[in-house]
Amino acid sequence: DAGVIQSPRHEVTEMGQEVTLRCKPISGHDYLFWYRQTMMRGLELLIYFNNNVPIDDSGMPEDRFSAKMPNASFSTLKIQPSEPRDSAVYFCASSFGGYGSTDTQYFGPGTRLTVL
Amino acid sequence: RKEVEQDPGPFNVPEGATVAFNCTYSNSASQSFFWYRQDCRKEPKLLMSVYSSGNEDGRFTAQLNRASQYISLLIRDSKLSDSATYLCVVNTGANNLFFGTGTRLTVIP
């Protein structure tokens, strides 16, 4: 099992540029989560999907952030335009829905984003 | 008030020591509880779930106190490889997982 795959692993960009982060969940998992981690705020849930449908996007900081899941094996998180305060590690996680197993989330290696 | 609060540490302990972390949560309706481990510059990984009756996995013991709304993690006979950040995680329902900011542990030779 390849686990959750994220790309790129590192991204350095300039303020105002568009950034697209990608995620491939574990095959068979029907929940997908996007998190952001910073030293100050820890790990924050941005949005999550169930069966490719966005369920809760209340954690998305503002309209500059958008996420899509066009199919069960792919999701994107886009920031446009990016700002220095968006610098963080962005994690994608997936889990298998079902009684007793929904809660175990498997995280990808993360994308370390730096906005100059 | 934060959903989940942890002492950030750092906790610096010698090899072989016993160390305990506590974590408090604010939502009394929280349904399930976990400890995740995160190594430096790595992703969080599930360490163990926390059950109402308390549970043990080798050197690790997790306990839940619903009345006082806290969970704990006890590590016995600390190893160098236990050095990491330990994240307290609370599920308030409907996949609402809240992560604490983590407690950093360094085990010293």
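Residues numbered from 1 in each chain as written. Chains lettered and ligands numbered in written order. Predicted model: local features only at pLDDT ≥ 70, side-chain atom pairs only at ≥ 80, totals over all residues. Heavy atoms only, no water.

Colleague: Summarise the state of the cysteines; cite the residues concerned and give the values.
Modeller: In protein structure, a disulfide is the covalent linkage between the sulfur atoms of two cysteines. Scanning the model with the defined rule gives two disulfides over all chains in all. Between the sulfur atoms of cysteine 23 of chain A and its disulfide mate cysteine 92 of chain A the distance is 1.9 Å. For the disulfide bridge between cysteine 23 of chain A and cysteine 92 of chain A, the dihedral angle about the S-S bond is near -65°, and by the sign convention the bridge is left-handed. A residue pair is termed long-range when its members are at least 10 positions apart, and cysteine 23 of chain A in strand 3 (residues 19–24) and cysteine 92 of chain A in strand 9 (residues 88–95) qualify at 69 residues. There is no split in this pair, since cysteine 23 of chain A and cysteine 92 of chain A are both buried. Note that cysteine 23 of chain B is cross-linked by a disulfide to cysteine 88 of chain B, the S-S spacing being 1.9 Å. (Disulfide = S-S within 2.5 Å. Helix = DSSP H or I, 4+ residues; strand = E, 2+ residues; numbered from the N terminus. Buried < 20%, exposed > 50% of the residue type's maximum accessible area, 1.4 Å probe, protein only.)

Colleague: Provide a residue-level description of the layout of surface pockets, including the pertinent values.
Modeller: Reported here for the largest pocket is a volume of approximately 890 Å³. Along its surface, the largest pocket is lined by 36 residues, and Gln37 and Met39 of chain A together with Gln38, Arg41 and Thr85 of chain B are the ones closest to its centre. Only strand 4 (31–38), strand 5 (42–50), strand 9 and strand 11 (111–115) of chain A together with strand 9 (84–91) and strand 11 (103–108) of chain B provide two or more residues apiece to the lining of the largest pocket. Partitioned by chemical class, the residues of the lining of the largest pocket number 13 nonpolar, 17 polar and six charged. (1 Å grid on protein atoms, 1.4 Å probe; cavity = no way out; pocket = protein on both sides within 12 Å on 5 of 7 lines; lining within 4 Å. Points joined across faces, edges and corners; volume = space filled by probe spheres on them. Nonpolar A, V, L, I, M, F, W, Y, C, P; charged D, E, K, R; others polar.)

Colleague: Break down unusual backbone geometry for me, citing the residues and quoting the values.
Modeller: The step from serine 7 of chain A to proline 8 of chain A runs through a cis peptide bond, and the omega angle for that step is -10°. With an omega of 10°, the peptide bond between glycine 9 of chain B and proline 10 of chain B qualifies as cis. Position of proline 10 of chain B among the secondary structure elements: in the loop between strand 1 (4–6) and strand 2 (11–14). Here the phi dihedral of glutamine 69 of chain B falls at roughly 55°; this positive angle occurs in a residue that is not glycine. Even without a glycine there, the phi angle at aspartate 77 of chain B is positive, about 50°. Here aspartate 77 of chain B lies in the loop between strand 8 (70–75) and strand 9.

Colleague: I'd love a proper account of the environment of cysteine 40 of chain B, names of residues and values included.
Modeller: Along the polypeptide, cysteine 40 of chain B turns up in the loop between strand 4 (32–38) and strand 5 (44–50). Sequence-wise, cysteine 40 of chain B and threonine 103 of chain B are 63 residues apart; in three dimensions their C-alpha atoms are separated by 12 Å.

Colleague: Can you explain the pairing of strand 5 of chain B? Please cite residues and give values.
Modeller: Of the pairings in the sheet, the one linking strand 4 of chain B to strand 5 of chain B comprises six bridges and is antiparallel in character. Across the sheet, the residue bridging to tyrosine 36 of chain B is leucine 46 of chain B, located in strand 5 of chain B. (Pairing = 2+ DSSP bridges.)

Colleague: Give a detailed account of the nonpolar core, specifying residues and quantitative values.
Modeller: Residue and element names in this part refer to chain B. Phe21, Trp35, Ile71, Leu73, Ile75, Tyr86 and Leu105 are the most contacted members of the largest nonpolar core, which totals 23 residues. Of all elements in the fold, only strand 3 (19–25), strand 4, strand 5, strand 7 (60–65), strand 8, strand 9 and strand 11 reach the threshold of two or more residues within this core. Excluding residues that lie within four positions of it along the chain, isoleucine 75 makes contacts with Ala17, Thr18, Val19, Phe21, Arg59, Phe60, Asp82, Tyr86 and Leu105. (Core = buried A, V, L, I, M, F, W, Y, C linked by side-chain atoms within 4.5 Å. Contact = heavy atoms within 4.5 Å.)

Colleague: Run through the sheet that holds strand 8 of chain B, naming residues and quoting values.
Modeller: Picture the strands of a sheet paired through backbone hydrogen bonds; they go either parallel or antiparallel. Residues and elements named next belong to chain B. If you trace the five strands from one edge of the open sheet to the other, you get 1-3-8-7-6, paired in antiparallel fashion. Each of the sheet's edge strands pairs with one partner strand only, and the pair in question is strand 1 and strand 6 (55–57). If you compare each strand with its neighbour and ignore which way they point, the axes differ by 20° on average. As defined by bridge partners, strand 3 adjoins strand 8 across six bridges and the pair is classed as antiparallel. If you follow valine 19 over to strand 8, its bridge partner there is isoleucine 75. (Axes fitted to C-alpha atoms, helices over the stretch in contact; angles between N-to-C directions.)

Colleague: Let's hear about the interface of chain A and chain B: which residues, and what values?
Modeller: Counting residues at the interface gives 18 residues for chain A, matched by 16 residues for chain B. With both chains or domains summed, chain A and chain B bury close to 1,500 Å², and 49% of this area falls on carbon and sulfur atoms. Where chain A packs against chain B, one counts two residue pairs in polar contact (both at pLDDT 80 or more). Looking at which element gives the most residues to the side of chain A that touches chain B, the answer is strand 4 of chain A, with four residues. Tallied by class, the residues present in the side of chain A that touches chain B amount to eight nonpolar, six polar and four charged. (Buried area = accessible area lost by both parts, 1.4 Å probe. Polar contact = N/O pair within 3.5 Å; in protein donor to acceptor, adjacent residues only side chain to side chain.)

Colleague: Pulling in residues and values, what's your account of the environment of serine 30 of chain B?
Modeller: Residues and elements named next belong to chain B. Take serine 30: it is sitting in the loop between strand 3 and strand 4. Each C-alpha atom of the pair serine 30 and arginine 66 lies 9.2 Å from the other, and the pair is 36 residues apart in sequence. With sequence-adjacent residues up to four places away left out, serine 30 is seen in contact with Tyr25, Arg66, Val90, Asn91 and Thr92. From its side chain, serine 30 meets the backbone oxygen of asparagine 27 in a polar contact 2.7 Å long.

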